[in-house]
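Listed below, chain by chain, are the residues.
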Amino acid sequence: MMFRIGVSDGTVYRESVTRYVNPYSTPDDRRWIPVDVDLSAFAEQAVDVIFNTDPSPPGVPADGRNDLALWGEPTITSGR
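Residues numbered from 1 in each chain as written. Predicted model: local features only at pLDDT ≥ 70, side-chain atom pairs only at ≥ 80, totals over all residues. Heavy atoms only, no water.

## Description of unusual backbone geometry
Definition in use: Each residue's exposure class comes from its accessible area (1.4 Å probe, protein chains only) as a fraction of the maximum for that residue type: buried when under 20%, exposed when over 50%, partly exposed otherwise. Only DSSP runs of H or I with at least four residues qualify as helices, and only runs of E with at least two residues qualify as strands; both kinds are numbered from the N terminus onward.
For Glu44, which is not glycine, the phi torsion reads 65° and is therefore positive. Under the relative-accessibility criterion, Glu44 is labelled exposed at 70%. Although it is not a glycine, Glu73 sits at a positive phi angle of roughly 55°. With respect to the secondary-structure elements, Glu73 resides in the segment after β3 (48-54). Glu73 sits in the exposed class, given a relative accessible area of 73%.

See the structure below:
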């Protein structure tokens, strides 16, 4: 399963995080995986933070056992 996080200002989408997770063949992927994204480049702007999932990265056959994607408690905080 491919997890992606990006930011869009309504005209341009910029991907910030791309992470392939395969709990069936990678034991370390059998847990919640915390991710921090620095959004300071978008300070004082109205943007959309977009959470995407795909069955697999390009060129890798989809593994039906990985078809359940969950995002747990996404939170945006200010460093101020």
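## Observations regarding the side chain of Asn22
Here is the rule we go by: Distance and chemistry together define a polar contact, namely a pair of N or O atoms within 3.5 Å, with one atom able to donate a hydrogen and the other to accept it when in protein, and with adjacent residues in sequence counting only for side-chain atoms on both sides.
With respect to the helices and strands, the residue Asn22 is situated in the loop between β2 (13-20) and β3. The buried category is assigned to Asn22, whose relative accessible area is 9%. Among the polar contacts listed, one links the side chain of Asn22 to the backbone nitrogen of Tyr24, at a separation of 3.1 Å. Separated by 3.1 Å, the side chains of Asn22 and Ser25 make a polar contact.

That's the geometry; what it means functionally is another story.
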